[in-house]
Amino acid sequence: MSAGGNGRGDVASGVNGPRGVRRTALALGAAVVVAAVALVIVATRGPARPATLQERVRVIAEELRCPECQNLAVADSPSGLAREMRGEIARRLRLGQTATQIDDFFVARYGRWILLTPDAGGIGLFAWLAPALAIAAGGGLAFTVVRRRRRTASPVDDHAVVADRGESSDEPRLTGEERDRIQREIAELEEVP
Amino acid sequence: MSGEPRADGPQSGDRRWRVVVLSLVPVVLLAVLLGFGLGRDPRATPQNQLIGRAAPDFALQDLRTGKTVRLSDLRGHPVVLNFWASWCADCVVEHPNLVSAWQRFGNQGTVFLSVLYQDSPSRAASFLDRLPANWPDLYDPSGRTALDYGVTGVPETVFISPDGRIAYKQISVTTYDLIERQVRSMAKAGSE
């Protein structure tokens, strides 16, 4: 080693690697927390309450399947039956019925099939769980990748000492004996007043 | 460097298998879901929601006589309630079956009623000039009766037993045999 100061600096830069990773992890964690808080606020506040009868009809009709069409909500369908269904929703709203009561009216006649929101049971349960499963799988994958990278990154930190000797950082890992020697020398340098 | 042995041992093999299995799991799951979804008829609608329930009452005007027909007045009779429209091709196919069934059962206490669905009285009148029907043809201008019976299109036929309950609902063309079977079954249930 040409100078003790250099050696110490390089070792310090080796320590900066994990610090950098920690900082990145903290930043990512903070971003996730902010996003989660924003989601909770949006979810608890919900969309703006529909003001007019037409808007209230639309909100309910958006959740109902048009029986005559394929994959169209009653709100979006131009069919005669969908138009009559929208009329029936409006009539029931004027009578003071709630959205749940109106949904029940259609479910009693057409079955739960009429609701566009999937059931929280049977095959419909998959639609509810799929996003959570996808997030968990993605998180698990990200965690595995980060852990593996950190594992492979540690020998490179050791190589900082090797690089100081003018050798390539592609050199093989330090042996235990070499590592012990470096530790011993660092300790000796630190003892120097 | 070549000095270090490569990690091609049993651990590497395990890892490779883990990757293969983890990659296959979502693929198999998606294939199962697709198989389930593609195996279903996208036009299929639930048919049995109303069966066994009390038939919703209605009071509709007969297009020909102008008289109001009320379902509750028909208690004690089996009722064959057919939803149709002049623009419906299947209704033309179905018409002779209804006529034959009416000729067979109409004078035995079974009441036949037709409800015009999303159509105009004038078009219905032209249709009936070509293909006459001798039972009341009711006009449902708001479409509320069709909604009450969960109609998804035409033709659809609802069989109402003498006690006022829905015995069966046929979506699409009704055959003579089906009408005969349902009328006999309703009459039998009514006499028990």
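Residues numbered from 1 in each chain as written. Chains lettered and ligands numbered in written order. Predicted model: local features only at pLDDT ≥ 70, side-chain atom pairs only at ≥ 80, totals over all residues.

**Brief notes about the overall build of chain B**
Each helix and strand in chain B was counted, giving 5 helices and 7 strands. Relative to its full complement of 192 residues, chain B shows a buried share of 31%. Taking contacts inside chain B between residues at least 6 apart in sequence as the whole, the part at least 24 apart equals 73%. (Helix = DSSP H or I, 4+ residues; strand = E, 2+ residues; numbered from the N terminus. Buried ≥ 20, exposed ≤ 12 C-beta atoms within 10 Å, placed from the backbone. Contact = placed C-beta atoms within 7 Å.)

**With respect to unusual backbone geometry**
Glycine aside, residues mostly have negative phi angles, and peptide bonds mostly take the trans form. That bond from B:Val154 to B:Pro155 is cis: its omega, 0°, falls within 30 degrees of zero. Along the chain, the position of B:Pro155 falls in the loop between α4 (144-148) and β6 (156-160). If you check the backbone angles, A:Asn71 has positive phi at about 55° while not being a glycine. Examined against the element boundaries, A:Asn71 turns out to sit in the loop between α2 (53-61) and α3 (80-94). Unlike most non-glycine residues, B:Ser172 shows phi in positive territory, near 90°. Looking at where B:Ser172 falls in the secondary structure, it is placed in the loop between β7 (166-171) and α5 (176-191).

**Some thoughts on the packing of α2(A) against α3(A)**
All names here are of chain A. Viewed as axis vectors pointing N to C, α2 and α3 meet at an angle of 120°, and their least axial separation amounts to 9 Å. Comparing their axes, α3 and α2 come out oblique. Crossing hand, α2 versus α3: right-handed. Contact with α2, carried on its side by Leu53, Arg56, Val57, Ile60 and Ala61, involves Met85, Arg86, Ile89, Ala90 and Leu93 of α3 and no other residues of that element. A per-class count over the contact of α2 with α3 returns 8 nonpolar, no polar and 2 charged. (Axes fitted to C-alpha atoms, helices over the stretch in contact; angles between N-to-C directions. Parallel < 35°, antiparallel > 145°, perpendicular 65-115°, else oblique. Left-handed = near helix turned anticlockwise from the far one by under 90°. Nonpolar A, V, L, I, M, F, W, Y, C, P; charged D, E, K, R; others polar.)

**Some words on the sheet that holds strand β3 (residues 79-84) of chain B**
All names here are of chain B. The 7 strands are arranged β2-β1-β5-β4-β3-β6-β7 in an open sheet whose pairing can be described as mixed. Edge positions in the sheet fall to β2 (68-70) and β7, since each has one partner strand and no second. Ignoring which end each strand starts from, the neighbouring axes of this sheet average 30° apart. In this structure, β3 lies alongside strand β4 (residues 111-116), joined through 6 bridges in parallel fashion. Pairing of asparagine 82 across the sheet is with serine 114, part of β4. Lying on the sheet, α5 is in contact with β3, β6 and β7; it crosses β7 at an angle near 170°. (Pairing = 2+ DSSP bridges.)

**Some thoughts on the packing of helix α2 (residues 89-105) of chain B against α5(B)**
Residues and elements named next belong to chain B. Two numbers describe how α2 lies on α5: the axes approach to 9 Å, and their chain directions differ by 35°. Note on packing geometry: the crossing formed by α2 with α5 is right-handed. Touching Asn97, Ser100, Ala101 and Phe105 of α2 are Tyr176, Ile179, Glu180 and Val183, all from α5. Looking at the contact of α2 with α5 residue by residue, the class counts come to 5 nonpolar, 2 polar and 1 charged.

**Some remarks on α2(B)**
All names here are of chain B. Between the first and last C-alpha of α2 there are 25 Å, a value that for 17 residues agrees with the 24 Å anticipated at 1.5 Å per step. A maximum bend of about 35° is found in α2 at histidine 95, where proline proline 96 lies one to four positions downstream. In this fold, the buried residues of α2 make contact with β3, β4 and α5. (Expected span 1.5 Å × (residues − 1). Bend = angle between axes of the 7 residues up to and from the residue.)

**Section: the nonpolar core**
Residues A:Met85, B:Val115, B:Tyr117 and B:Ile160 are the most contacted members of the largest nonpolar core, which totals 51 residues. Leaving out residues up to four positions away in the same chain, B:Tyr117 has contacts with B:Phe83, B:Trp84, B:Ala85, B:Ala146, B:Val151 and B:Val154. (Core = buried A, V, L, I, M, F, W, Y, C linked by C-beta atoms within 7 Å.)

**Details of the confidence of the model for chain A**
Detailed reading of the predicted coordinates is not advisable wherever pLDDT is low. Across chain A, the average pLDDT comes to 81, with 80% of residues at 70 or higher. Counted against residues more than four places away or in other chains, residues 1-15 of chain A, with its pLDDT under 50, gives 16 contacts. (pLDDT = per-residue confidence, 0-100.)

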